[in-house]
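Chain and residue survey
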Amino acid sequence: MPPWSRRRQGRSRRGRVAAHELAATHAAGLDLWRAGRVAEAVPVLEEALDNCRSGLGHDHSGTLTDRTHAFGPSDPRTLTAADALATAFRLVGRIDEAVALSERVAAERMSALGPSHLDTLTSRLGAALARAAFGDVEAAVASLSAALDNGERLYGPRHEHV
């Protein structure tokens, strides 16, 4: 049973619906993005990210990761949504926002998961692509080189994600 459909003592039905709507909004944004409708996806993903950060409250069951960490700006689900939004920003030419958001996500993941975790490597790639789109190609190449080195050291040069 999905966490947002479980009834918790003292929680209203409205709280459950909000979590379900949040998941649906995020999925709709990703569907638009995958369909190549990036300009339409950006506001939908922005809405999902804003709601992730503030809409549900820290004690809601839909906002707990592994039942130990409160849902907030560093939650893996929030970071995944932020990474998708940063990519969408880059694809529609909102490069300043793409750089700022992708670098924040990469830094959060590096701090929480370490430099070689696959999610961190993915975020570091996104940050490097945003930097390159911004015109800072040297910094992008240096970032990609460091990420590749971390990935190869941990997973080996023939790993499917390196």
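The structure reproduced in this document is the subject of the present report. None of these values were measured; they are calculated from a predicted model. (Residues numbered from 1 in each chain as written. Predicted model: local features only at pLDDT ≥ 70, side-chain atom pairs only at ≥ 80, totals over all residues. Heavy atoms only, no water.)

Focus on the nonpolar core
One finds Val42, Leu45, Leu85, Phe89 and Leu101 to be the most contacted residues of the largest nonpolar core, which totals 22 residues. Among the elements that take part in this core, helix 3 (residues 76-91) stands out by supplying 8 residues, more than any other. Apart from residues lying up to four places away in sequence, Leu45 is in contact with His26, Gly29, Leu30, Ala84, Leu85 and Ala88. (Core = buried A, V, L, I, M, F, W, Y, C linked by side-chain atoms within 4.5 Å. Buried < 20%, exposed > 50% of the residue type's maximum accessible area, 1.4 Å probe, protein only. Helix = DSSP H or I, 4+ residues; strand = E, 2+ residues; numbered from the N terminus. Contact = heavy atoms within 4.5 Å.)

Focus on the environment of Trp33
By secondary structure assignment, the location of Trp33 is in helix 1 (residues 13-34). Sequence separation between Trp33 and Ala84 is 51 residues, and the spatial gap between their C-alpha atoms is 8.8 Å. Once residues within four sequence positions are removed from consideration, Trp33 is found in contact with Val38, Ala41, Ala84, Thr87 and Leu91.

Here we look at helix 6 (residues 137-155)
In a regular helix each residue adds 1.5 Å, so 19 residues correspond to 27 Å; helix 6 covers 26 Å between its end C-alpha atoms and thus fits that length. All of the buried residues in helix 6 are Ala140, Ala147, Asn150 and Gly151. Buried residues of helix 6, viewed axially, fall in a sector of 100 degrees; they line one side. When the buried face of helix 6 is taken as reference, the exposed residues oriented beyond 90 degrees from it are Glu138, Val141 and Arg153. Each element contacted by the buried residues of helix 6 is listed here: helix 5 (118-134). Two residues or fewer after helix 6 comes Gly156, characterised by a positive phi angle close to 90 degrees. (Expected span 1.5 Å × (residues − 1). Arc of directions from axis to C-beta.)

What about empty space enclosed by the protein?
Counted by the stated rule, this structure contains 2 cavities of 30 Å³ or more. As for the second largest cavity, its lining consists of Asp83, Ala86, Thr87, Arg90, Ala98, Ser102, Gly126 and Ala130. In terms of residues, the lining of the second largest cavity owes the most to one element, helix 3, which gives 4 residues. When its residues are assigned to classes, the lining of the second largest cavity shows 3 nonpolar, 3 polar and 2 charged. (1 Å grid on protein atoms, 1.4 Å probe; cavity = no way out; pocket = protein on both sides within 12 Å on 5 of 7 lines; lining within 4 Å. Points joined across faces, edges and corners; volume = space filled by probe spheres on them. Nonpolar A, V, L, I, M, F, W, Y, C, P; charged D, E, K, R; others polar.)

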